[in-house]
Amino acid sequence: MPERMLTEPEGYGLLSAYGIPVPPHQVVTSAGDARAAAGRIGYPVVMKIVSSDIIHKSDVGGVVTAIESPEGVEEAFRTIMQNGAARAPEAAITGIIVEKQVPGGLEVLIGGKTDPSFGKVVTFGLGGKLVELLEDISIRVLPVTDDDIRTMVREIEGYRLIRGYRGEPQKDEEALVRIIATMARQFAENPQIREFDLNPVILYEEGASVVDARIIVGDTAGGEAAHLSVRSPPEIFYPRSIAVIGASASPNKVGYSVLRNLLSFPGNLYPVNPSRKELFGRTAYPSVLDIPGPVDWAVIAVPAPLVPGVMEECGKKGVRLAIIVTAGFREIGGAGVALEEEVVEIARRHSVRIIGPNCLGVMMPHQGINATFDPVSPRSGDVAFISQSGAIITTVVDWSLPEEFGFSSVISVGNQADLGFEHYLRFAEQDPMTRSITLYVEEIQDGRSFAQIVREVARRKPVVAVKSGSSRKGRAAASSHTGSLAGSYDVYVAAFRQAGMIPARTLRDAFNLAELLASEGYPRGNRAIAVTSAGGFAVLASDYAEAHGVDMVDLPDEVLRELNAFLPPFWNHANPMDIIGDADAARFAALFDVLIRHQDFWDIAFVIAVPTTLADPAHVANEIVRFSRNTEKMVVGCMLGGDSIRSGLRILRSCRIPNFAELEDAFKAVGTILSVRTARSGDLPRLPKPDWCAGGER
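About the cut-offs
- Residues numbered from 1 in each chain as written.
- Predicted model: local features only at pLDDT ≥ 70, side-chain atom pairs only at ≥ 80, totals over all residues.
- Heavy atoms only, no water.
- Buried < 20%, exposed > 50% of the residue type's maximum accessible area, 1.4 Å probe, protein only.
- Helix = DSSP H or I, 4+ residues; strand = E, 2+ residues; numbered from the N terminus.
- Arc of directions from axis to C-beta.
- Contact = heavy atoms within 4.5 Å.
- Pairing = 2+ DSSP bridges.
- Axes fitted to C-alpha atoms, helices over the stretch in contact; angles between N-to-C directions.

Visitor: So what's going on with helix 18 (residues 557-564)? Residues and values would help.
Guide: Buried residues of helix 18: Val559, Leu560, Glu562 and Leu563, and no others. Angularly, the buried residues of helix 18 cover 165° about the axis, an arc narrow enough to put them on a single face. Turned more than 90 degrees away from the buried face of helix 18, the exposed residues are Asp557 and Arg561. Here the buried face of helix 18 lies against strand 28 (577-578) and helix 19 (585-597).

Visitor: Describe the sheet that holds strand 23 (residues 436-441), listing the residues and the values that go with them.
Guide: Spatially, the seven strands line up as an open sheet ordered 20-19-22-21-23-24-25, and their pairing is mixed. Strands at the two margins of the open sheet, each flanked by one partner only, are strand 20 (369-372) and strand 25 (502-504). On average, adjacent strands in this sheet sit at an angle of 25° to one another, irrespective of strand direction. Both strand 21 (residues 379-387) and strand 22 (residues 406-412) contribute to a ladder of seven bridges, which runs parallel.

Visitor: Give a detailed account of unusual backbone geometry, specifying residues and quantitative values.
Guide: The step from leucine 142 to proline 143 runs through a cis peptide bond, and the omega angle for that step is 5°. Residue placement: proline 143 occurs in the loop between strand 8 (137-141) and helix 5 (146-154). Proline 200 follows asparagine 199 through a cis peptide bond whose omega is 5°. Position of proline 200 among the secondary structure elements: in strand 9 (residues 193-203). Not every positive phi belongs to a glycine, and glutamate 404 is a case in point at roughly 55°. Mapped onto the elements of the fold, glutamate 404 is located in the loop between helix 11 (390-403) and strand 22. In this structure glutamate 404 comes out as partly exposed when scored by relative accessible area, which is 31%. Here the phi dihedral of glutamine 416 falls at roughly 55°; this positive angle occurs in a residue that is not glycine. When you line up the elements, glutamine 416 lands in the loop between strand 22 and helix 12 (421-430).

Below, the structure is given as structure tokens:
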């Protein structure tokens, strides 16, 4: 069916069939008919132009409101027809709709669109003419439950108007939920509805009414992309032997960099180059078929036209995983698409799995593997990083070294001709060295499959994601408010949240979150305490907690009595706890002992330490480590300063406890985590705290 927008009368008819309230109305084609219709409907009335070619009726002078008399009806009819002819001369005008002008109330928007990656989504927000200006909306990927809908209604800033604001009566929230639920169900079940925009929906103290409806119908496309369904066995990511096909002695060749990076691999490493007998002191072989032993991985760095032949040889050799770093496939279009399809067909015939093509490669620091052409290798850690950009990987790895940040794995997905995000997520889920996962996402083809996998993985290990493409530049003109508001980026973020992922705006934020969750896990609640020896930071902690939705709880009387027994008499006796600037590590330790004994009143502890002559940063750091390891609660390190605290930072880092150099970043990270915890209460992973220190040893 060709895509078209239903006329308003057609839209009203559809909504009425669904049981959704709309105003009494009638379509007319003459001023006399309009006068008669208004008399039957009852004044006041609204009159609107009826045309599938006109999206925004007000823009062409096609709407007249508050008509109180028969003479006004006739005048409005003539005015609308004249405006339509003058301002939209190409539009086919089928008539004018006369409808009852309903009483004023709270105007909201209910919309739906078909996203190319995730399929059908529903939106809700404040409506009326200011909808794009306010941009106060929430989004959900279908299907949704009534509880999901209540949550999305309550998460917009404007929910205060529904609840009753400054003496205004409370609006009928359940009537609103019923309308959204009905539209969501019909939208999900009807493949012909591509997009809809109910704006405004007038919400009253009792009931609601839709007073403007744009519904676009046609053949639904998008959100149904197919992907190879064969599951990759996790053991393929633990090779005992690697061949580098296209290995080179020339430093300006990719094959040189890959082979050099793999020299520290503890398994068998085989250079493959028909023109060389030896490379880097290792025997080189003319073909993978000439290698005497088994080959688990093949890193392929030959020109694209040679890759199909190499893949045939890898298949015959029994290679389990081919990492194709070569470019020149689907990403260039045309012949590149056909070449990639040929390579995939060969791989499937031989049961060889593929990473790439057109990828940077793979790093597995715990296994001594850097199968990339990145000149540096990352430290071992417990965060898996899966990226759709090789350049992002090289930048992040370079940043991670001075930050002493480590990874369990780093995977460049490339074109995802075979293995994709879903497979790598499954690997990270079962990998014992991975405690949290970070994704850099540009585009997901099969959003439904991706979301389902993430939902399952995120129940076991935290998943953080950065999605590029948040700007509006280049976004196609939208046919409705819903289309303009629920852009691709917004749908991705909504889908991420629904699946239990934590969306992050920046890579630094993402790794702060991933590192904190890898060390401390999700908090059981949002009750927070803060400890500091600096009064100014105690005040800032209160400010940041309020700004980021962190609840600073009152101290119980028993805790106050125990703290008063050893703290100076002029400490602030409140939370955040200012234990005075002369605090040393022993005072921090005594306070931590109290908090360890009384873990029932708090879920998150911020430890804020600043440089002083009395507190050795190394001793304070050791006490933070002890505190964290003796509680299942979240302990957030905030050792602030420069060179003078580096000894403490090294201790925290060696014991895998993250530290936030900026205090607000700590509260921002925790607030972000709490927003996901609230959305998925009781459905989040509880990893035991790691028991390693000093270089990552268990």
